[in-house]
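# Topology and contacts: notes
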Amino acid sequence: MKSWQDIRDQKLKERDEKLKPFSPKTELPSIDELNDVSDYIDKSDVLSNDKKVITNYSITELIERYRNGTLNAEEVTRAYCCRLAVANELVNCITEVRFNEALEEAKEEDRFFKRTGKLVGPLHGVIVTLKDNIRVSGLATSMGFIGLSENIEAEDSPIAKLIKDLGGIILGKSNTSAGMMYSESTNMLWGRTLNPYSRKYLNVGGSSGGEGAIAALKGSCFGIGSDIGGSVRHPAALNYVYSIKPSFGRLPCFGTASGQPGQESVRTVYGILSKKLDNVKYVLQQIVDAKPYKGYDATCLPIDFRPYILPQRKLRIAFLDTDGLSTATPPVLRGLQIVKDKLKFNGHIVIDWPDLYLKDIRETIYPFYDANGFQAIFDIIKKSGEPVDKLLSRWFPTARDMNVSELWKLQIKRTELAQKYMELCNGYFSEGKIDAIITYSSPLPACLINGVVPLPCTAIWNGLDYAASTFPVTRCDPKVDIPIQKKAYISECDEKVHTTYKESLHRFAGGPVALQVVCGKLEEEKCLELTNYISSLI
């Protein structure tokens, strides 16, 4: 019988062998030589100029070139294979690789276009990466567990099948936390994914951290990640990229893997990450326009894409600098102020939003996440005998299997709080319902490695099932973002946040500051249009 170490080593070897033909021929800079590699690929000669040009096109620019015949899917796929291989060598973001399969699919799409003069679909030749828990035929779905790493999938998850049917080319899958149960992307199988903006100090976030890093380094046109408490928005923010977390029912979710299968008190949703906001908008529209509720996922809602036009009036935007557990540190406060000032300068109404109900929502939804006492995870590790990352195992001593009556009471409270928050959004401001809330995705400018704090700032909106995006604003400058001399803290977590920032100020230098735009339930189109407008101001 193979040991867990043997299985791990074999998986890493297999991955690296698949990457090798596309890997750079020159040695890449070490962490000590170059900590911030966010623009290394574009500024170095590690890729040829034509590959750099290709991998910087937006999706619509690629589609245009496919239509006029100046590019073909095979050369684009090959360029992205090379770029993603470099990205992985820099930050360790890939788990499962299917470069050869992707190239064959690209060739087939080229043959189709040559034969018919038509594209396969709206994602023809568009390069995609998927979070590891999305099942793809021919690949394993380990979720960071060694015990699952040899189980090869026979079928695609509906969302993977839909992407392929639309013409998308899937290059592989990306790293996550073990079971997607903590907000760092590290596990005993694949190791840690590093933050491109600070490989030495800063966290890549999680649990879709592999996708966040890939988006930052433009290793795919877009990525898909799951989000149950911030797992798309947190890594998107920490990697300074755009994202959308939709409400449940807009994108297919069925048939994917989970560390806590059956946990539906806060529904898992799948979101989109990309370096380019236009890519996020385009992909959301194409997936929704494909009407996934008809043939891909019975849980999807029969709602077509609804283009949103900004109102011909002053926007009413609320700003929130706390999540009820912690408060924003100076660079994040500066980021909020930058956006607030730009909106005010352009004639819009900005208000400070109260922290009403946030503590209640947090305390209601957090018990849902381990309501089965981690039994599914215990079953996995019992079979393999593998060790578990301490970021996960630290929760085991207090884990318990919640009884049904207690669960139902919490679900009643969750629904009551959603009703109260809707009424708050509709009635708090005397001049009318607010258009959006802008708040942080992390109270810190990224987080330190092994230093992620609880994140109700993202999880709250999962509990309410609101649509939320992320957008980049600024980066931490220790000379400007002087630590606050606080006289009191709202919690022990808040004290930890500000003490960490003060004591490790030099480590946060250059840390990304990205914010969330939060809109109501099923308001994804509005959320992205507001994100686009606000981003244009800054």
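In this text the structure is predicted, and so the values were computed from the model without any measurement.

Criteria and thresholds
- Residues numbered from 1 in each chain as written.
- Predicted model: local features only at pLDDT ≥ 70, side-chain atom pairs only at ≥ 80, totals over all residues.
- Heavy atoms only, no water.
- UniProt positions renumbered as here; feature names shortened; annotations may be inferred.
- Helix = DSSP H or I, 4+ residues; strand = E, 2+ residues; numbered from the N terminus.
- Contact = heavy atoms within 4.5 Å.
- Buried < 20%, exposed > 50% of the residue type's maximum accessible area, 1.4 Å probe, protein only.
- Disulfide = S-S within 2.5 Å.
- Salt bridge = Lys/Arg side-chain N within 4 Å of Asp/Glu carboxyl O.
- Pairing = 2+ DSSP bridges.
- Axes fitted to C-alpha atoms, helices over the stretch in contact; angles between N-to-C directions.
- Expected span 1.5 Å × (residues − 1).
- 1 Å grid on protein atoms, 1.4 Å probe; cavity = no way out; pocket = protein on both sides within 12 Å on 5 of 7 lines; lining within 4 Å.
- Points joined across faces, edges and corners; volume = space filled by probe spheres on them.
- Nonpolar A, V, L, I, M, F, W, Y, C, P; charged D, E, K, R; others polar.
- Core = buried A, V, L, I, M, F, W, Y, C linked by side-chain atoms within 4.5 Å.

## Section: the UniProt feature "active site" (unreviewed entry) in the protein
Residues annotated by UniProt as "active site" (unreviewed entry) correspond here to Lys 131, Ser 207 and Ser 231. For the residues just named, distributed over 101 residues, the greatest C-alpha separation is only 10.5 Å, placing them together at one site. Here Lys 131 lies in strand S2 (residues 127–131). Contact partners of Lys 131, with chain neighbours within four places excluded, come to Lys 173, Ser 174, Thr 176, Met 180, Ser 207, Ser 208, Glu 211, Ile 224, Gly 225, Ser 226 and Ser 231.

## As for the UniProt feature "binding site: substrate" (unreviewed entry) in the protein
The residues that UniProt annotates with the feature "binding site: substrate" (unreviewed entry) are Met 180, Ser 207, Ile 228, Gly 229, Gly 230 and Ser 231. Taken together, the annotated residues stretch across 52 residues yet fold into one region, lying no more than 10.8 Å apart by C-alpha. Inspection of the secondary structure assignment puts Ser 207 in the loop between strand S5 (191–192) and helix H8 (209–216). Residue Ser 207 is classed as buried on the basis of its relative accessible area of 1%. Those residues in contact with Ser 207 that lie beyond four places of it in its chain are Lys 131, Asn 175, Thr 176, Ser 177, Met 180, Tyr 182, Ser 185 and Ser 231. Looking at where Gly 230 falls in the secondary structure, it is placed in the loop between strand S6 (222–227) and helix H9 (233–238). A relative accessible area of 2% places Gly 230 in the buried class. Excluding residues that lie within four positions of it along the chain, Gly 230 makes contacts with Gly 206, Pro 235, Thr 458 and Asn 462.

## Points about the state of the cysteines
Counting across every chain of the model gives zero disulfides. Sulfur of Cys 300: no disulfide; nearest cysteine sulfur belongs to Cys 253 and is 6.6 Å away.

## Section: the pattern of salt bridges
All told, the structure shown has 32 salt bridges when counted by the stated rule. With its nearest N and O atoms 2.9 Å apart, the salt bridge here joins Asp 352 to Lys 340. Residue Asp 352 is located in strand S10 (residues 349–352), and its partner Lys 340 is located in helix H12 (residues 330–345); the two are separated by 12 residues in the primary sequence. Residue Asp 352 is classed as exposed on the basis of its relative accessible area, which comes to 54%. Across the pair Asp 465 and Lys 521 runs a salt bridge whose closest N-O atoms are separated by 3.7 Å. Placement of the pair is Asp 465 in the loop between helix H17 (456–464) and strand S12 (468–475) and Lys 521 in the loop between strand S13 (512–518) and helix H19 (524–537), with a sequence separation of 56 residues. The exposure class assigned to Asp 465 is buried, which follows from its relative accessible area of 15%.

## Observations concerning the sheet that holds S2
Paired through backbone hydrogen bonds, the strands of a sheet run either parallel or antiparallel to each other. Read across the sheet, 11 strands follow the order S1-S3-S2-S6-S8-S7-S12-S13-S11-S9-S10 without closing on themselves; strand pairing throughout is mixed. Looking at which strands have only one partner, the edges of the open sheet turn out to be strand S1 (94–97) and S10. The mean inter-strand angle of the sheet, taken between neighbouring strand axes irrespective of direction, is 25°. As defined by bridge partners, S6 adjoins strand S8 (residues 269–274) across five bridges and the pair is classed as antiparallel. Looking across to S8, one finds that Ile 224 is bridged to Ile 272. Helix H10 (residues 277–289) contacts S6, strand S7 (242–245) and S8 of the sheet and is inclined by roughly 145° relative to S8.

## Some points on H10
Its 13 residues place the ends of H10 18 Å apart at the C-alpha level, agreeing with the 18 Å of an ideal helix rising 1.5 Å per residue. Within the span of H10, buried status applies to Leu 277, Asn 279, Val 280, Tyr 282, Val 283, Leu 284, Gln 286, Ile 287 and Val 288.

## Points about empty space enclosed by the protein
Per the counting criterion, the structure on display carries six cavities of 30 Å³ or more. The computed volume of the largest cavity comes to approximately 60 Å³. In terms of lining residues, the largest cavity is bounded by Thr 55, Tyr 57, Tyr 80, Ala 215, Lys 218, Ser 220, Cys 221, Ser 274, Lys 275, Lys 276 and Asn 279. Tallied by class, residues from the lining of the largest cavity come to four nonpolar, four polar and three charged. Taken as a whole, the second largest cavity spans an internal volume of roughly 40 Å³. Elements supplying a minimum of two residues to the lining of the second largest cavity: H9 and S13.

## Thoughts on the nonpolar core
Judged by nonpolar contacts, the single largest core of 116 residues is most densely connected at Phe 222 and Ile 438. Here this core takes 12 residues from helix H5 (residues 73–91), the largest share from any one element. Setting aside its immediate chain neighbours within four residues, Phe 222 contacts Ile 59, Leu 123, Val 126, Ile 127, Val 128, Thr 129, Ile 163, Ile 272, Leu 273, Ser 274 and Val 283. Counting 28 residues, the second-largest nonpolar core is a separate cluster that includes Cys 425, Ala 459, Ile 460 and Trp 461.

## Quick word on the environment of Lys 314
The residue Lys 314 is located in the loop between helix H11 (292–295) and strand S9 (316–320) in this model. The spacing of Lys 314 and Gly 347 is 33 residues in sequence and 6.5 Å in space, taken between C-alpha atoms.

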